[in-house]
Amino acid sequence: MDSSRPSWHAYFMGITDLVATRATCTRRKVGAIMVKDKQILCSGYNGAPSGVAHCAETGCLRMQLQVPSGEKHELCRGVHAEQNAIVQAASHGISLKGATLYCTNQPCSICAKMLINTGVEKIYYTDGYDDPLALDMLEQAGVIMVRLERISTDQYHEVPILPKPQHKGR
């Protein structure tokens, strides 16, 4: 392997990080890309729907109401990065069956349900998100989850999350 080139994980996570810079959410910047056969299919970042004022302009309702992260998703004008990637693919007639998601954060339970139904087979992410229901559903659906730990600017270490490691009987 040419050591001057980034690994595939570094390449895709670097693009995912760049996509996140477009996010308009005032609480969290999230980016997502869908990949199949080392080709990028679509991307998405979190923020208000097209044509709707951004939270930076209107203020964050969740912050105003002091809603904790991961609760009452309906009290948010933003669309999640994963949801926007799915919508982008659908609007261009792109199937995500068998695709891999690279995302800056672990998906929430709402996004997990959508990703399962689109046929995404594997998810790579760098930052956690406290949503045990999402992990449970992804595990039941057989979606492989891998957290990527950055070990240098162009290399990542894989930390398998799902399926859970099997422990041998006593």
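In this report, we go over the structure that sits alongside the text. (Residues numbered from 1 in each chain as written. Predicted model: local features only at pLDDT ≥ 70, side-chain atom pairs only at ≥ 80, totals over all residues. Heavy atoms only, no water.)

1. What about the packing of helix α5 (residues 109-118) against helix α6 (residues 132-140)?
Look at α5 against α6: their axes get within 8 Å of each other, and the N-to-C directions meet at 15°. Classified by the angle their axes make, α5 and α6 are roughly parallel. The two elements α5 and α6 cross, and the hand of that crossing is right-handed. Between α5 and α6, the contacting residues are S109, A112, K113 and I116 on the first element and L133, A134, M137 and L138 on the second. Residue classes in the contact of α5 with α6 are distributed as 6 nonpolar, 1 polar and 1 charged. (Axes fitted to C-alpha atoms, helices over the stretch in contact; angles between N-to-C directions. Helix = DSSP H or I, 4+ residues; strand = E, 2+ residues; numbered from the N terminus. Parallel < 35°, antiparallel > 145°, perpendicular 65-115°, else oblique. Left-handed = near helix turned anticlockwise from the far one by under 90°. Contact = heavy atoms within 4.5 Å. Nonpolar A, V, L, I, M, F, W, Y, C, P; charged D, E, K, R; others polar.)

2. Section: the side chain of S7
Here S7 shows up in the segment before α1 (8-20). Take S7: its relative accessible area is 13%, and that puts it in the buried class. At a separation of 3.1 Å, a polar atom in the side chain of S7 contacts the main-chain amide nitrogen of A10. (Buried < 20%, exposed > 50% of the residue type's maximum accessible area, 1.4 Å probe, protein only. Polar contact = N/O pair within 3.5 Å; in protein donor to acceptor, adjacent residues only side chain to side chain.)

3. Some thoughts on helix α4 (residues 81-91)
When α4 is considered as a whole, its buried residues turn out to be A81, E82, Q83, A85, I86 and A89. As for α4, its buried residues are in contact with β1 (31-36), β2 (39-45), β3 (100-105) and α5. Looking one or two residues past α4, G93 carries a phi angle of roughly 70°, positive in sign.

4. Some points on the side chain of H9
Note on placement: H9 falls in helix α1. For H9, the contacting residues outside a window of four places in its chain are Y102, Y124, L148, Y156 and E158.

5. Re the state of the cysteines
Per the stated rule, a full pass over the model turns up 0 disulfides. Cysteine C55 shares no disulfide, and the gap to the nearest cysteine sulfur, in C76, comes to 5.7 Å. With a relative accessible area of 8%, C55 lands in the buried category. Counting only cysteine sulfurs, C111 is the nearest neighbor of C103, a cysteine outside any disulfide, at a range of 7.7 Å. C103 sits in the buried class, given a relative accessible area of 0%. (Disulfide = S-S within 2.5 Å.)

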